[in-house]
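A structural walkthrough
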Amino acid sequence: MSAASVRAHLSHSASAIFTLLVLMLGSANATLSTNFYSISCPKLFETVKCTVESAISKEARMGASLLRLFFHDCFVNGCDGSVLLDDTSSFTGEKNAGPNKNSARGFEVIDKIKLAVEKVCPGVVSCADILAITARDSVAILGGPTWDVKLGRRDSRTASQSAANNGIPAPSSNLNQLISKFSALGLSTTDLVALSGGHTIGQARCTNFRGRIYNESNIDSTFARMRQSRCPKASGSGDNNLAPLDLATPTFFDNHYFKNLIEKKGLIHSDQQLFNGGSTDSIVRGYSSNPSSFFSDFATAMIKMGDISPLTGSKGEIRKNCRRVN
């Protein structure tokens, strides 16, 4: 081999080693990307959207339920799909934590989406990423904003019922508690108010708003009486009776939620805390009069929430079934 050939061979080998090191480094420190599956699963978005549209067409409330799943996933050890794991004889998941038991729903829809995605690109897309896309599609389908979803999350092999009980803000939370819970995850007060605007769709159970409609004074009296008609004062009676979180347009994503708060018609205590003479009053007023500002801040906050402690690179796994580890 000539000297020139040796130099060329060594140069090629060095280049190959450098490329390998870059790939390894990228795997260890991977970041989320909006085009993560553009090559490995080009039909991902259309596959997810088709199933979400079908589910919402059958039940408009499902859009809110799917959005809530993503929220409840990200607030517990990051956006890792842990909320989807079923309990077993040897594994305790998050589905029976206080904020989720008899409340979190939409798991069957996620199963259908995962099944459809597995058909077009088996073993490629994580359940955590499916939750992120599904949340975006649900909001957009119901009239809300859209955004480019960052992807590349992997699925957790663990879950934490205690973290779900302690990390997800309770309906009884006051403003300081809400701000603290969100701040602990890197979310600002503006993010808190914007994300709370997700309650412009969906429904709540009587057990979560009984205390407000019977015991609080910062509530419209006519609104309170209307809600009392379906939510008896006695605990245990009608606990699962539902009421819309947004009285005006419960199945349409808009800014009526904030208008309701100004009129003291927030259904849940923690919602009305956002407009109760505190530091967030001005943000609520702004969103109530400027829906485009709300939409923009909501999309920004959803992207920030999706960045909470994702598993990337070689961490976690790509679950075959969202309900159990591989």
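Residues numbered from 1 in each chain as written. Predicted model: local features only at pLDDT ≥ 70, side-chain atom pairs only at ≥ 80, totals over all residues. Heavy atoms only, no water.

**Some remarks on the UniProt feature "binding site: Ca(2+) 2" (unreviewed entry) in the protein chain**
- Here the UniProt-annotated "binding site: Ca(2+) 2" (unreviewed entry) positions come out as Thr200, Asp246, Thr249 and Asp254. Spanning 55 residues, the annotated positions come together in the fold, the maximum distance between their C-alpha atoms being 9.7 Å.
- You can see Thr200 is positioned in the loop between helix H8 (189-196) and strand S1 (203-205).
- A residue is classified by how much of its surface remains accessible, and Thr200, at 0% relative accessible area, is buried.
- In this view, Thr200 contacts Asp246, Thr249, Pro250, Phe252, Phe253, Asp254, His256 and Tyr257; residues no more than four positions away in its chain are not counted.
- Counting through the fold element by element, Asp254 comes out in the loop between strand S2 (242-244) and helix H11 (256-262).
- On the accessibility criterion, Asp254 (10% relative accessible area) is buried.
- Every residue in contact with Asp254, bar those within four places of it in the chain, is listed here: Thr200, Asp246, Thr249, Phe294 and Phe295.
- Side chain to side chain, Asp254 and Thr249 meet in a polar contact 2.5 Å long. (UniProt positions renumbered as here; feature names shortened; annotations may be inferred. Helix = DSSP H or I, 4+ residues; strand = E, 2+ residues; numbered from the N terminus. Buried < 20%, exposed > 50% of the residue type's maximum accessible area, 1.4 Å probe, protein only. Contact = heavy atoms within 4.5 Å. Polar contact = N/O pair within 3.5 Å; in protein donor to acceptor, adjacent residues only side chain to side chain.)

**Concerning the layout of surface pockets**
- In this structure, the largest pocket encloses a volume near 890 Å³.
- Taken together, 41 residues form the lining of the largest pocket, with Arg68, His72, His199, Leu245 and Ile268 sitting closest to its centre.
- Among the elements of the structure, helix H3 (62-74), helix H7 (175-183), H8, S1, helix H12 (269-272) and helix H14 (291-306) are those that each provide at least two residues to the lining of the largest pocket.
- Among the residues making up the lining of the largest pocket, the classes are represented as 22 nonpolar, 14 polar and five charged. (1 Å grid on protein atoms, 1.4 Å probe; cavity = no way out; pocket = protein on both sides within 12 Å on 5 of 7 lines; lining within 4 Å. Points joined across faces, edges and corners; volume = space filled by probe spheres on them. Nonpolar A, V, L, I, M, F, W, Y, C, P; charged D, E, K, R; others polar.)

**Here we look at empty space enclosed by the protein**
- Per the stated rule, a full pass over the model turns up one cavity of 30 Å³ or more.
- In terms of lining residues, the largest cavity is bounded by Phe70, Ala132, Trp147, Asp148, Val149, Lys150, Arg153, Met302, Ile303 and Gly306.
- Looking at which element gives the most residues to the lining of the largest cavity, the answer is H14, with three residues.
- Residues of the lining of the largest cavity, tallied by class, amount to six nonpolar, one polar and three charged.

**A look at helix H9 (residues 206-215)**
- Among the residues making up H9, those that are buried are Cys206, Phe209, Arg210, Arg212 and Ile213.
- Lining the buried residues of H9 we find S1, helix H10 (221-228), S2 and H12.

**With respect to unusual backbone geometry**
- The backbone of Asn77 shows a phi angle near 60 degrees, a positive value even though the residue is not glycine.
- Its location among the elements puts Asn77 in the loop between H3 and helix H4 (107-120).
- If you check the backbone angles, Asn102 has positive phi at about 60 degrees while not being a glycine.
- Along the chain, the position of Asn102 falls in the loop between H3 and H4.
- Exposure remark for Asn102: the relative accessible area of 61% places this residue in the exposed category.

**Some points on the state of the cysteines**
- Summed over the entire model, instances satisfying the criterion amount to four disulfides.
- Across a sulfur-sulfur distance of 2.0 Å, Cys74 and Cys79 are joined as a disulfide pair. Between Cys74 and Cys79 the sulfur-sulfur dihedral comes to about 120 degrees; the bridge is accordingly right-handed. Across this residue pair, the class does not change: Cys74 and Cys79 are buried.
- The disulfide partner of Cys127 is Cys322, and the S-S distance across this bridge is 2.1 Å. Looking down the S-S bond of the Cys127 and Cys322 bridge, the torsion is -95 degrees, so its handedness is left-handed. A residue pair is termed long-range when its members are at least 10 positions apart, and Cys127 in helix H5 (residues 127-141) and Cys322 in the segment after H14 qualify at 195 residues. (Disulfide = S-S within 2.5 Å.)

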